[in-house]
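So the chains spell out like this:
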Amino acid sequence: GNDGPLAITDCNAVLGRLRPAYFPRIFGPNADQPLAIEASRARFEAMAAEVEAATGQSTEVEGLAEGFLDIACDNMANAIKKISVQRGHDVSTYALVCFGGAGGQHACRVADNLGIERILIHPHAGVLSAVGIGLADVRTVAEQTVGTPLDDDRFRELTQLWASLEAQGRRELAAEGVAEGRIEATRRLAIRYAGSDTSLFVEGRDPTEATAAFEAVHRARFGFTAPDLDLEIDTAQVEVIGRSEVEAAMATTEASASGIGDPELGRHPMWAGGRSHDTPFLDRSALAAGRRLDGPAVVVEATATTVVEPGWAATLTEAGDLVLERVEARPDATTTRTEVDPTRGRHRSTAVDPVRGRHRSTAVDPVRLEIFNNLFMNIAEQMGVVLENTAISVNIKERLDFSCAVFGPDGDLVANAPHMPVHLGSMSESIKSTIARNPAMKPGDVYVMNAPYQGGTHLPDITVIKPIYRNGEGAPIFYVASRGHHADVGGSVPGSAPCDSTTIEEEGVLLDNVLLVEHDRWQEDTIRAELTGGRYPARNPDQNIADLKAQVAACERGAAELARVIDHYGLDVVHAYMAHVKDNAEESVRRVISALRDASFVSRMDDGSQIAVAITVDEAARSAVIDFTGTSRTHPRNFNAPPAVAFAAVLYVFRCLVDDNIPLNAGCMKPLELILPEDSMINPTYPAAVIAGNVETSQIIVQTLFGALGTMAAAQGTMNNTFWGNDIHQYYETVCGGSGATPRADGCSAVHTHMTNSRLTDPEVLEQRFPVVLESFSVRHGSGGGGKWRGGDGTIRRVRFEEAMELNVISSHREVAPYGLAGGEPGAVGRNRVIRADGSVVELAGADRADLAPGDVFELHTPGGGGYGSPDATEEDRP
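In this text, all values refer to a predicted model and were calculated from it rather than measured experimentally.

Trainee: Help me understand the packing of helix α11 (residues 524-532) against helix α12 (residues 541-569) in this model?
Mentor: Between two packed helices, the angle of one axis relative to the other and the distance separating the axes together describe the packing. Relative to each other, α11 and α12 sit at 130°, their axes nearing to 10 Å. Between α11 and α12, the crossing angle belongs to the class labelled oblique. As α11 packs across α12, the resulting crossing turns out to be right-handed. For the pair α11 and α12, the contacting residues are E524, I527, R528, L531 and T532 in the first and P541, D542, N544, I545, L548 and K549 in the second. When the residues that make up the contact of α11 with α12 are grouped by side-chain class, the tally is 5 nonpolar, 2 polar and 4 charged.

Here you go:
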């Protein structure tokens, strides 16, 4: 009623789930103001008219409101799922506890999306946070870094430390007024595997008990243990707790009044499951303990509203808790049998024939489209969480240099998590290559590859591919894949990135269509032989194998989540929406193309090579030809980008132009025709070297396209790739810089841009794992180009080495500055140099190498972004 935007409360009001007569009284200046349901309905009617005008489909107000409710509940479920997966939990085996005034309005729908069948709603659910503060214990945590092996001697030495930390905590609580008799203490250890950066807190009275507790938690969180690795004590911790004096009986105040009077307040129409239901509204304070309420029903109280959806039942316990349980199969279940659940003493139903309701329709529906967009992306995100948790190497675990995605039975990209654009756009070609060369693949098979000329990017990026089957039969119905950057896969230098390589053999071990898991059996001998064979074998195959196992685990998570989605909706619906999601992406790009005009642009690189593009728009077909004719021939060194990388760059740019929340997928490319001239830098001939093509040339392709489109000045245009190592240590990082300005905003400073989306290793982890010291890392102020809108600033990074290392740098824009647009000034070029221990300085080229001695410092200045618009524009000129 205040002319604000529509919110989920408006949905519930229009659907009849909230009634003015039962809504909590409003205090303050708007006291007794009723819910303005007609204002909400009027807004939805206007929106329904917009939908009909755009789609030609008539949409009822209630259907539209319930659609938004579905999307909101789906997003809530995805958030719970993601957080739980990070902690190694399967949420379907838990009860859902909801609180907040609106929690009960959505609990059944959220539970259905999670596969949860029991919900607990506390008597004070509507104000549970406030109640919790009143009931909360007073706690203080004290801890100290230890950094010693876990053994009997070290464990005994902790006794005095623990006692000191506990005494400190007791003094703090005494100062808070907590009586000594109410104070307790819990002692914990943060334990990790030697060489790992991940510590887990456990309790234990001796090393044996602590080890068992750690392994149990590690297995639950990451899915494996490593009994051959030594354990280290990272931190000793004492939590000192002052127990609350507030009586727990406070929580059952309302329950004592249960059963007084008639609980039914009235019956009203409520919309649920696509139709209206005559629904009882009941007063929770008058409910009798043990009475069962079959849904649909609405339970109201002073601080909350609970909707019992059809197929659910609610019972009030003696303690006053409201317990909701699903008593019928979900309306979109795909199988039916009846069985007795011995733990709950009631009948449960699961499939026979699919129920062909709204949820089971394969026709495109805007609401379902949004839900499936989120579902597919959430599966890829969960895969990424598993990969991050289970990986060993810093590159994957700390820098997050990995990507996960879901693909259709034809190998087309369906959806991805927001990981590395250069990986995601190119992985589809890897899947299609694997499909073409393995017509007899079987359930339980997993393939591994890094071949740049078969859809790979460069050799350190290794892709694990798993076909997904329905009930272990027929042809694959989906594929899932994870791609991770391995610290070393061999090659002529540590890190597998020689700055001067001329053939792919010098860059490491080539894995081309290797069967990594056969019928669920890990092929250890096969993959180890691949990694250790050849002219330049991998330097740390054990780490490669550990990370490959993590990638397989990520694919397993994707397979399990896809199975859940298919069980929920049915394979025909999932496949249909896989196509709808791609069709929606295609239409989104076609709308963008309608606003474009013919354009061309040339980007010159530091060594004189160039990327050229001409964009020709067909207005009638709403399509475009992206022609890279004029691009330099195959590079004599390693700045060659395989076609999959060029494809990924184009896909990324056009996805950036779409101002809708859609997954990056193959549909984006349907309106686009790519022309990649043969024997060029972006379509090289085997065995041309490619290590810099993936990381540097991909960035140049992106800025060439943005230059042609005129939408954004050049970003730093490089990943500032730094590789260093020896026979024991190998490390790789990309370093952030400035982003380009746009017609509406300044560029950002000190960020990764475009085709990379990794982060830098935390300084503590870097210095713990490697013999280096991060001396400084700062913003390079003034390096962004001037303009009406300024380019973002680059960074300055100084790393000192404490052991002899070989350094390789692959970077761009050390000679040619990142361009400005529309009169904007260029960003500053980057700089690479080594400051020797004796103070002498060695300047390095953009692609260069150096031998480092103890005490030497590598100093990196990253480029700034270009500016947009004339620098003479005043603040008042800005829109």
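Trainee: Please clarify how the sheet that holds strand β3 (residues 138-149) should be interpreted in this entry.
Mentor: Sheet strands pair by backbone hydrogen bonding; their relative direction is either parallel or antiparallel. With antiparallel pairing, the 4 strands of this open sheet are ordered in space as β3-β6-β4-β5. A strand with exactly one partner marks an edge of an open sheet, and here the two such strands are β3 and β5 (200-202). Averaged over all adjacent pairs, the angle separating strand axes in this sheet is 25°, with direction ignored. Of the strand pairs in this sheet, β3 and strand β6 (residues 231-242) are connected by 10 bridges, and their pairing is antiparallel. Paired with R139 across the strands is I241, a residue of β6. On top of the sheet, helix α6 (residues 152-175) reaches β3, β4 (183-193) and β6; it is set at about 30° to β6, its chief contact.

Trainee: Teacher, can you tell me more about the sheet that holds strand β1 (residues 96-98) here?
Mentor: The 5 strands are arranged β1-β2-β13-β12-β9 in an open sheet whose pairing can be described as mixed. In this open sheet, the two strands that pair with only one neighbour each are β1 and β9 (292-294). The sheet shows a mean angle of 20° between the axes of neighbouring strands, direction not considered. Pairing between β9 and strand β12 (residues 312-316): 3 bridges, direction antiparallel. In the sheet register, D294 faces β12, and the bridge partner there is A313. Across the sheet, helix α4 (residues 103-114) lies against β1, β2 (118-121), β12 and β13 (322-326), angled at about 160° from β1, the strand it touches most.

Trainee: What exactly am I supposed to notice about the packing of α12 against helix α13 (residues 571-594) here?
Mentor: Close contact between α12 and α13 brings their axes to 6 Å; oriented N to C, the two are set at 110°. Considering their axes alone, α12 and α13 lie roughly perpendicular with respect to each other. Contact residues: V565, I566 and Y569 in α12; L571, D572, V573 and V574 in α13. Its residues placed into classes, the contact of α12 with α13 shows 6 nonpolar, no polar and 1 charged.

Trainee: Honestly, the pairing of strand β27 (residues 721-725) in this entry has me stumped. Any pointers?
Mentor: Here is the key point about a regular strand: its side chains alternate between the two faces of the sheet. In terms of burial, β27 is largely enclosed, as 5 of its 5 residues are buried. The pairing of β27 with strand β28 (residues 730-733) spans 4 bridges and is classified as antiparallel. Among the inter-strand pairings, G725 is bridged to a residue of β28, identified as Q730. Taking the residues that link successive antiparallel strands as the turn, the β27-β28 hairpin has 4 residues.

Trainee: So what exactly am I meant to see when it comes to the environment of Y453 here?
Mentor: Mapping Y453 onto the fold places it in the loop between β18 (446-449) and β19 (461-470). By relative accessible area, which is 25% here, Y453 ends up partly exposed. Residues in contact with Y453, not counting those within four places in the same chain, are I504, P684, T685, Y686, P687, A688 and V690. Within the local environment of Y453, its side chain forms a polar contact with the backbone oxygen of A688, the two atoms lying 3.0 Å apart.

Trainee: Would you explain the packing of aromatic side chains in this entry?
Mentor: How two aromatic rings sit relative to each other is set out by the distance from centre to centre and by the angle between their planes. Applying the stated rule across the entire model yields 14 aromatic pairs. Note on F723 and Y732: the rings are 4.3 Å apart at their centroids and 15° apart in plane angle, and the pair reads as stacked. Accessibility classification places F723 together with Y732 in one group, the buried group. On the basis of an interplanar angle of 90° and a centroid distance of 5.4 Å, the ring pair of W724 and F770 is categorised as edge-to-face. On the criterion of sequence distance, the pair formed by W724 in strand β27 and F770 in the loop between α16 (763-769) and β29 (772-780) is long-range, its members being 46 residues apart. Exposure class is identical for W724 and F770. Each is buried.

Trainee: What exactly am I supposed to notice about the pattern of salt bridges here?
Mentor: Charged atoms that come close allow side chains of opposite charge to pair. Scanning the entire structure with this criterion turns up 54 salt bridges. Notably, a salt bridge pairs R849 with D500, separated by 2.8 Å at the nearest N-O pair. Residue R849 is located in strand β34 (residues 847-852), and its partner D500 is located in the loop between β20 (473-485) and β21 (514-518); the two are separated by 349 residues in the primary sequence. Classification of R849 by relative accessible area gives partly exposed; the value is 31%. Owing to a relative accessible area of 34%, D500 belongs among the partly exposed residues under this scheme. A salt bridge links R564 to E561, with the shortest nitrogen-to-oxygen separation between them at 3.4 Å. Here R564 and its partner E561 are both found in helix α12, 3 residues apart, which amounts to about one turn of the helix.

Trainee: Teacher, can you tell me more about the side chain of R483 here?
Mentor: Mapped onto the elements, R483 comes out in strand β20. Side chain to side chain, R483 and S430 meet in a polar contact 2.8 Å long. Among the polar contacts listed, one links the side chain of R483 to the side chain of T463, at a separation of 2.6 Å.

What counts, and at which threshold
Residues numbered from 1 in each chain as written. Predicted model: local features only at pLDDT ≥ 70, side-chain atom pairs only at ≥ 80, totals over all residues. Heavy atoms only, no water. Axes fitted to C-alpha atoms, helices over the stretch in contact; angles between N-to-C directions. Helix = DSSP H or I, 4+ residues; strand = E, 2+ residues; numbered from the N terminus. Parallel < 35°, antiparallel > 145°, perpendicular 65-115°, else oblique. Left-handed = near helix turned anticlockwise from the far one by under 90°. Contact = heavy atoms within 4.5 Å. Nonpolar A, V, L, I, M, F, W, Y, C, P; charged D, E, K, R; others polar. Pairing = 2+ DSSP bridges. Buried < 20%, exposed > 50% of the residue type's maximum accessible area, 1.4 Å probe, protein only. Polar contact = N/O pair within 3.5 Å; in protein donor to acceptor, adjacent residues only side chain to side chain. Phe/Tyr/Trp six-rings, centres within 6.5 Å; stacked < 30°, edge-to-face > 60°. Salt bridge = Lys/Arg side-chain N within 4 Å of Asp/Glu carboxyl O.

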